Amino acid sequence: MELVKENIAAVPQLRSAKRWMPKQVLITPAALDEPWGRQMYERVQALGLPVQELKQNRITGLRGEDERETYRKAKSTLAIVTAPPSALKLQPIPPSADYQFHLAEGCPAHCQYCYLAGSLQGPPVIRAFANLPTILQNLTQYRRPGQPTTFEASCYTDPLGIEHLTGSLVETIRFFGEQEDMHLRWVSKFDQVDGLLSLPHHGHTHPRISLNADFISRRMEGGTASLEARLAAIRKLALPQAAGGGGYKVGLVIAPIMAIPDWEEQYTHLLDRLAQTLDFPCAITFELISHRFTPGSKALLQEWYPNTLIDFDETNRSMKFNKFGGKKYVYDASTMGQLRSFFYAQLKARFPQAPILYWT
Ligand code: SF4
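Here the structure is a predicted model, which is why all the values come from computation and not from measurement.

Peer 1: Help me understand helix H3 (residues 67-75), please; the structure alone is not making it clear to me.
Peer 2: Residues that lie three or four places apart on an α-helix share one face, since the helix turns once every 3.6 residues. Burial in H3 covers these residues: Thr-70, Tyr-71, Ala-74 and Lys-75. One face of H3 carries all of its buried residues, which in axial projection span an arc of 115°. Contacts from the buried residues of H3 go to strand E3 (77-81), strand E7 (110-111), strand E8 (126-129) and helix H10 (295-304).

Peer 1: Could you clarify how one ought to interpret the packing of helix H8 (residues 227-238) against helix H9 (residues 263-277) in this entry?
Peer 2: Packed helices, taken two at a time, are described by the angle between their axes plus the distance between the axes. Their axes nearest at 10 Å, the elements H8 and H9 cross at an angle of 35°. Considering how the two elements wind past one another, H8 and H9 form a crossing that is right-handed. Touching Leu-227, Glu-228, Leu-231, Ile-234 and Arg-235 of H8 are Leu-270, Arg-273, Leu-274 and Thr-277, all from H9. Residues of the contact of H8 with H9, tallied by class, amount to five nonpolar, one polar and three charged.

Peer 1: Looking at this structure, how should I read the sheet that holds E8?
Peer 2: Strands pair in a sheet through their backbones, by hydrogen bonds, and they do so in one of two ways: parallel or antiparallel. Overall, mixed pairing links the five strands, which are arranged E2-E1-E3-E8-E6 in an open sheet. At either end of the open sheet lies a strand with only one pairing partner, and these are strand E2 (51-53) and strand E6 (104-105). The pairing of strand E1 (residues 24-27) with E3 spans four bridges and is classified as parallel. Each residue of the ladder has a partner; that of Leu-26, found in E3, is Ala-79.

Peer 1: Whenever I open this one, the pattern of salt bridges confuses me. Can you help?
Peer 2: Side chains that differ in charge, positive against negative, can pair when their charged atoms come close. Summed over the entire model, instances satisfying the criterion amount to eleven salt bridges. Across the pair Lys-236 and Asp-194 runs a salt bridge, and its minimum N-O distance is 2.8 Å. Pair noted here: Lys-236 is in helix H8 and Asp-194 is in the loop between strand E10 (182-188) and strand E11 (205-211), with a separation of 42 residues, a long-range link. Asp-214 is the partner of Arg-218 in a salt bridge, and the nearest nitrogen-oxygen pair spans 3.1 Å.

Peer 1: Sorry if this is basic, but what is going on with empty space enclosed by the protein here?
Peer 2: In this approach the atoms are scanned with a rolling probe the size of a water molecule, which exposes any empty space left behind. All chains considered together, the criterion is met by one cavity of 30 Å³ or more. Empty space within the largest cavity amounts to approximately 40 Å³. As for the largest cavity, its lining consists of Ala-83, Ala-87, Leu-88, Phe-101, His-102, Phe-129 and Ile-135. Residue composition of the lining of the largest cavity, grouped by class: six nonpolar, one polar and no charged.

Peer 1: Sorry if this is basic, but what is going on with helix H11 (residues 333-350) here?
Peer 2: Between its first and last C-alpha atoms H11 spans 26 Å; for 18 residues at 1.5 Å apiece the expected length is 26 Å, and the two agree. A side-chain oxygen of the first residue of H11 lies 3.0 Å from the backbone nitrogen of Ser-334; this N-cap is Asp-332.

Peer 1: Where do I start with the pairing of strand E9 (residues 149-152) in this structure?
Peer 2: Burial of E9 is two-sided: the residues Thr-149 and Phe-151 facing one way and the residues Thr-150 and Glu-152 facing the other way are all buried. Here two bridges tie strand E5 (residues 97-100) to E9, and the two strands are oriented parallel to one another. The residue of E9 that forms the bridge with Gln-100 is Glu-152.

Peer 1: What exactly am I supposed to notice about the site of the ligand here?
Peer 2: Around the ligand, the neighbouring residues are Cys-107, Ala-109, His-110, Cys-111, Tyr-113, Cys-114, Tyr-115, Leu-116 and Lys-189. A per-class count over the shell around the ligand returns seven nonpolar, one polar and one charged.

Peer 1: Which parts of the structure should I look at to understand the environment of Tyr-248?
Peer 2: With respect to the element layout, Tyr-248 can be found in the loop between H8 and strand E13 (250-257). Residue classification places Tyr-248 among the buried residues on the basis of a relative accessible area of 3%. The spacing of Tyr-248 and Phe-351 is 103 residues in sequence and 17 Å in space, taken between C-alpha atoms. With sequence-adjacent residues up to four places away left out, Tyr-248 is seen in contact with Ile-173, Leu-196, Leu-199, His-201, Thr-205, Pro-207, Leu-237 and Ala-238.

Calculation criteria
- Residues numbered from 1 in each chain as written.
- Predicted model: local features only at pLDDT ≥ 70, side-chain atom pairs only at ≥ 80, totals over all residues.
- Heavy atoms only, no water.
- Buried < 20%, exposed > 50% of the residue type's maximum accessible area, 1.4 Å probe, protein only.
- Helix = DSSP H or I, 4+ residues; strand = E, 2+ residues; numbered from the N terminus.
- Arc of directions from axis to C-beta.
- Contact = heavy atoms within 4.5 Å.
- Axes fitted to C-alpha atoms, helices over the stretch in contact; angles between N-to-C directions.
- Left-handed = near helix turned anticlockwise from the far one by under 90°.
- Nonpolar A, V, L, I, M, F, W, Y, C, P; charged D, E, K, R; others polar.
- Pairing = 2+ DSSP bridges.
- Salt bridge = Lys/Arg side-chain N within 4 Å of Asp/Glu carboxyl O.
- 1 Å grid on protein atoms, 1.4 Å probe; cavity = no way out; pocket = protein on both sides within 12 Å on 5 of 7 lines; lining within 4 Å.
- Points joined across faces, edges and corners; volume = space filled by probe spheres on them.
- Expected span 1.5 Å × (residues − 1).
- Polar contact = N/O pair within 3.5 Å; in protein donor to acceptor, adjacent residues only side chain to side chain.
- Near = heavy atom within 4 Å.

Listed below in structure tokens is the structure:
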């Protein structure tokens, strides 16, 4: 991978993510029948966005001449739909949480390594679910009384990145705040957290911000907040409510960790900035995820981002099989070992009390 080395000590940029405004909003008849769907409809109308009421419950017409055009059309479309009945049958999601559930599927950002590439069927349109009360109520049957059950809401979307259009994250945090033994987890690369700070979450929500080396954030994570803006967001979430913050127990997901040429310098800078940002007593956790790809995600991502900076060279990687027998490419044992030792040592030095929940 030919990467131009940049001066990481240059003046940090605090660039809030631009709020995503879809070029078109589609709403299905079933979604319009849902009070939460109508609430979203009113929100997007109030923002002056054009809304088309569909005659059928299927979303069609988003395919372009090629994958690039399909991507462009789909990524500028918000579809307000009802989640299918299968969404109410929850799947486990180790090591992140006990179960995953979805407020939406699809994401307005443009990460060149996107985890969703190849995991969702069809064009990458952003679908927000209108039957939120049913989705939330359904979670309670998965609760294990007496021991906290964790629910991850960001496997297929970035819920904060579309919150101004849906309101679903605030509603979900409020819902979990009222539940016993149920904990909500979500993660974001966006920074508009002000609307979450005064919510009665009662410690039942564990927000995480996804961070990466500044070079990776700026060059490979289009449409997201800058590293400095994400650090400011995590600080706000973690500060006590009495001090104007959210009083949340927060998490940092460092992902995907990439062995770019100056990775040690880049990630040292990231961890130094994080330590400077969280300079007050707070409960934090870390999750560490190294970069990986599959043959399918590589093919799709290279069509979506023909000038990608991501190193997709399989000859530098070890091949592994996932639990369904599909191939994935991860760093070879030596690179993986170096990255892992670096993070464990550097985090221990800066955040000795903070658990590292997993490395993968
Ligand atoms: S924020 Fe996550 S889901 Fe959204 S484009 Fe980036 S990697 Fe994909």
